[in-house]
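Listed here are the chains, written in short residue letters.
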Amino acid sequence: MSIFTSYSEKTHPFKATFNLVLMSLLITALFWLALSLVGVRLNFSFLAPLSGRIFDGYLMTVCLSAASFFISLLLGVACAAMQSGKILVLRYFAKLYVIAIRGTPLIMQVYLFFYLMGTAYGITNRFICGVLILSLFEGAYIAEIVRGSLLSMDGTQLEAAKAVGFTKKQQLALVVLPQLLARTLPALTGQFASMIKDSSLLCMIALIELTQTLREISAMNFKMFECYMLLGVLYLSLTLPITYASKRLEQRFDYEA
Amino acid sequence: MRLEINGLVKAFDGKTAVLDYVNFNDDVDTLALIGRSGCGKSTLLRILGGLIPASGGTVCLDGEPVSEDERHRKKIGFVFQQGGLFSHLSALDNITLPLVKVHGFSKSKAQERAFELLDRFGLAGEAGKKPSQLSGGQKQRIAIARAVAPKPRMLLLDEPTSALDPEYTTEVLDMIRELKDEKLSFIIATHEMGFALHACEKMVFLYDGKIAEYGESREVFANPKTSELKEFLSKILEWKV
Ligand SMILES: Nc1ncnc2c1ncn2[C@@H]1O[C@H](COP(=O)(O)OP(=O)(O)OP(=O)(O)O)[C@@H](O)[C@H]1O
Ligand SMILES: [Mg+2]
């Protein structure tokens with residue numbers, strides 16, 4: 001069994017498995033060492049009676065992310081349209097929005113929005129507030145993704161759509177949208193995975209999502225390591241399948257190249 | 001087919017006119033459009049095809065005014081220099097989609113027509129492939145098949161071979177000549193003088209935004225009247241065997 005691979009050949013499954021196991025052992029050893037240096041013995045049994053609470057938090061994170069994804073998608077598309085549109089006021093507004101959101105940390109936006117806008121405009125429901133904050137944040141990133149694929153639309157493809165006699169609507173529905181979708185979908189899916197992770201910062205406004213739930217539990221019984229390890233595993237259970245889907249979409253649409 | 005052009009002007013965003021008062025009035029069966037790079041060949045073809053608006057003047061095909069309206073566009077077949085096939089569709093779908101959506105074919109009739117053309121030009125094996133999986137020559141021949149599938153009144157070809165290797169150039173030009181034998185009218189912008197001379201009855205030499213010379217291809221080629229055409233021909237033929 002070798003630990004080397006060549007760039008040209010495909011790695012043999014046995015060799016791959018062997019090296020994966022090797023890597024896992026190394027990581028486990030590293031963790032083991034760290035834990036024994038700190039003097040902790042892991043014990044997850046105290047979590048069993050709390051599983052209902054943890055599940056509620058998990059569900060809250062899923063709902064938050066899903067709701068925010070749809071709203072941020074609308075925001076992102078609208079913003080990209082404004083940025084490439086003809087109305088100057090809207091174009092500047094959209095540009096400012098993207099710059100401001102992408103240039104500042106989410107935690108600042110969480111506080112500012114919740115304490116200033118939330119209080120001023122009377123949005124007291126934490127879930128709605130959380131969804132709005134997250135949507136505003138991710139919307140700016142989605143706007144850039146959409147704008148990027150709009151810019152990468154090939155001029156000849158648009159002319160060809162005209163040349164074959166398509167109406168304006170058909171040009172959009174049969175050529176522009178399918179090509180945009182193919183180019184945007186993998187990146188959008190990836191953004192959804194980020195969104196799930198980003199939603200953890202909403203624990204700062206005491207929204208009882210997954211991170212907040214485990215923060216509360218760990219504050220009660222001081223079992224930091226177990227709580228945060230579980231937290232990591234639970235986030236991975238959400239993000240890994242999505243990352244995988246994003247990879248598959250990328251392969252499915254790679255005719256563009 | 002009758003082509004009438006009266007005082008056609010085209011200027012891109014207020015700059016100097018690319019086409020400067022072009023006039024033309026004659027029957028067009030097969031016409032070659034020649035002239036040096038940047039003289040406005042593509043611009044003229046795109047106006048004829050209804051892809052861009054003119055800045056001034058009128059153009060009529062068989063008495064009907066040319067415009068950007070889809071009712072005009074659907075009567076014309078257009079072939080681009082390259083990259084005109086829809087990249088998200090297979091070769092077959094590239095041909096059938098416009099037939100179904102624009103020309104009211106049923107799905108099965110459209111496929112029948114597509115395979116008729118693909119078979120005839122030896123492309124049936126590529127029907128399921130996306131443009132990125134095809135050679136340059138195959139792409140152009142499928143683009144031509146797509147353009148002629150709805151039996152257009154006129155085919156416009158904008159340098160269909162200038163992005164191709166010589167061996168592919170021949171297969172594409174052969175295909176166009178075969179279509180000519182079926183009485184399909186076409187206008188082709190090209191740098192392939194052999195093709196312009198032997199496959200096109202008439203020739204237009206575009207210079208400085210105007211039609212500098214026009215006539216029977218053989219005549220224009222053998223007896224160029226303007227010094228501009230003489231110079232152009234000597235340049236373009238300098239390295240020909
Ligand atoms: N969309 C556009 N905007 C501004 N200028 C343009 C545009 N399209 C073409 N032009 C200009 O118009 C002139 C004629 O261009 P055109 O593409 O018609 O030339 P051509 O004869 O087809 O040249 P070639 O043989 O290189 O294809 C060029 O100077 C070009 O820069
Ligand atoms: Mg051109």
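Heads up: the structure comes first, above all this text.
Notes on the structure in this doc start here. Residue positions are given per chain, counting from 1 as you read along its sequence in written order. Chains carry letters and ligands carry numbers; both start at the beginning, A for chains and 1 for ligands, and go up in the order they are written. The predicted nature of this model means local features are confined to residues of pLDDT at least 70 and side-chain atom pairs, given and counted, to a pLDDT of 80 or more, with totals for whole chains, interfaces and linings taken over all residues. Heavy atoms from the whole structure form the basis of all side-chain values; hydrogens and water molecules are not counted.

A closer look at the pairing of strand S6 (residues 76–79) of chain B
The two faces of the sheet receive side chains in turn, since in a regular strand these alternate between them. Residue and element names in this part refer to chain B. Just so we agree on the cut-off: Only protein chains enter the accessibility calculation, which uses a 1.4 Å probe. A residue is then buried if its area is under 20% of the maximum for its type, exposed if over 50%, and partly exposed in between. Secondary structure counts use DSSP, requiring at least four H or I residues in a row for a helix and at least two E residues in a row for a strand, with both numbered from the N terminus. When DSSP finds two or more bridges between a pair of strands, those strands are recorded as paired.
By the alternation rule, side chains of S6 split into Ile-76 and Phe-78 and Gly-77 and Val-79, which are all buried. Taken together, the four bridges between S6 and strand S7 (residues 154–158) define a ladder with parallel strand orientation. Among the inter-strand pairings, Phe-78 is bridged to a residue of S7, identified as Leu-156.

A closer look at the site of ligand 1
Residue and element names in this part refer to chain B. Applicable threshold: Working definition: residue near molecule or strand if any one of its non-hydrogen atoms lies within 4 Å of it. Between N or O atoms, a polar contact is any pair within 3.5 Å; within protein, one atom must be a potential hydrogen donor and the other a potential acceptor, and residues adjacent in sequence are included only when both atoms are from side chains. Each accessible area is a Shrake-Rupley estimate made with a 1.4 Å probe; only the visible protein chains count as cover when residues are assessed.
The full set of residues close to ligand 1 is Phe-12, Val-18, Ser-37, Gly-38, Cys-39, Gly-40, Lys-41, Ser-42, Thr-43, Glu-159 and His-191. Contact between ligand 1 and Ser-37: an oxygen atom at 2.5 Å from a side-chain N or O atom of the residue. At a separation of 2.9 Å, an oxygen atom of ligand 1 approaches a polar side-chain atom of Lys-41. The protein chains hide 61% of the 640 Å² of surface that ligand 1 would expose on its own.

What about the pairing of strand S8 (residues 186–189) of chain B?
All names here are of chain B. Rules: The handedness of a crossover follows from its direction of travel: if, with the strands pointing away from the viewer, the path from the first strand over the helix to the second runs clockwise, the crossover is right-handed.
The alternating pattern of S8 places Phe-186 and Ile-188 and Ile-187 and Ala-189 on opposite faces, both of which are buried. Of the strand pairs in this sheet, strand S3 (residues 30–34) and S8 are connected by four bridges, and their pairing is parallel. Each bridged residue has a counterpart across the sheet, and for Leu-31 the counterpart in S8 is Ile-187. Chirality of the crossover, the property in question, places the unit of S7, helix H6 (residues 166–180) and S8 among those that are right-handed.

Observations concerning the nonpolar core
This is how it is decided: Only buried residues count toward a nonpolar core, which is a set of Ala, Val, Leu, Ile, Met, Phe, Trp, Tyr and Cys residues joined through side-chain atoms within 4.5 Å. Throughout, a residue-residue contact means that at least one pair of heavy atoms, one from each residue, lies within 4.5 Å.
By size, the foremost hydrophobic cluster in this structure holds 45 residues, and its most contacted members are Ile-144 and Ile-176 of chain B. With six residues, the top contributor of residues to this core is helix H5 (residues 136–148) of chain B. In contact with Ile-176 of chain B, not counting residues within four places along its chain, are Ile-144, Leu-157, Pro-160, Phe-186, Ile-188 and Phe-195 of chain B. By size, the runner-up hydrophobic cluster in this structure holds 44 residues, among which are Phe-46, Ile-133, Phe-192 and Leu-234 of chain A.

Describing unusual backbone geometry
Residues and elements named next belong to chain B. Despite not being glycine, Lys-183 has its phi angle at roughly 70 degrees, a positive value. The residue Lys-183 is located in the loop between H6 and S8 in this model. Positive phi outside glycine occurs at Asp-208, with the angle close to 55 degrees. The topology assignment puts Asp-208 in the loop between strand S9 (202–207) and strand S10 (210–216). We classify Asp-208 as exposed; its relative accessible area is 62%.

Things to note about the packing of aromatic side chains
Definition in use: Two aromatic rings, drawn from Phe, Tyr or Trp (for Trp, its six-membered ring), form a pair once their centres lie within 6.5 Å of each other, and the interplanar angle then sorts them: stacked below 30 degrees, edge-to-face above 60, tilted otherwise. Lysine and arginine charges are scored as sitting over a ring when NZ or CZ, respectively, is within 6 Å of the ring centre and within 35 degrees of the ring normal.
Summed over the entire model, instances satisfying the criterion amount to 11 aromatic pairs over all chains. Measuring from centroid to centroid gives 4.6 Å for Phe-69 of chain A and Phe-192 of chain A, while their planes differ by 40 degrees, and the two rings are tilted. Separated by 123 residues along the polypeptide, Phe-69 of chain A in helix H2 (residues 51–83) and Phe-192 of chain A in helix H7 (residues 168–198) bring together distant segments of the chain. These aromatic residues form a ring-pair network of at least three members: Phe-69, Phe-70 and Phe-192 of chain A. Here the guanidinium or amino end of Arg-146 of chain B rests over the ring plane of Phe-86 of chain B, the centre of that ring lying 4.7 Å away.

A closer look at the packing of helix H3 (residues 91–101) of chain B against helix H4 (residues 107–120) of chain B
All names here are of chain B. Inclusion rule: Every axis corresponds to a line fitted to the C-alpha atoms, with the helix fit spanning only the stretch in contact, and the corresponding angles, defined between N-to-C directions, vary from 0 to 180 degrees. Roughly parallel here means an angle under 35 degrees, roughly antiparallel means over 145, roughly perpendicular means 65 to 115, and every remaining angle is called oblique. Helix crossings are classified by the rotation of the near helix relative to the far one: an anticlockwise turn of less than a right angle makes the crossing left-handed, while a clockwise turn makes it right-handed.
Remark: H3 packs on H4, axes separated minimally by 9 Å, with the N-to-C direction vectors making an angle of 135 degrees. One way to sum up the angle between H3 and H4 is to call them oblique. Pair H3 / H4 crosses with right-handed handedness. Listed contacts from H4 to Leu-92, Ile-95, Thr-96, Leu-99 and Val-100 of H3 are Lys-107, Ala-110, Gln-111, Arg-113, Ala-114, Phe-115 and Leu-118.

A short note on helix H9 (residues 227–237) of chain B
Residue and element names in this part refer to chain B. Definition in use: An arc is given here, and it is the one of the directions from the helix axis to the C-beta atoms.
Considered for burial, the residues of H9 that qualify are Leu-229, Phe-232 and Leu-233. Projected down its long axis, H9 carries its buried residues within an arc of 95 degrees, all on one side. Facing away from the buried side of H9 by over 90 degrees, the exposed positions are Ser-227 and Lys-235. The inward-facing, buried residues of H9 contact S3, helix H7 (193–199), S9, S10 and helix H8 (217–222).

Interpretation note: all reported values are geometric properties and have no functional meaning in isolation.
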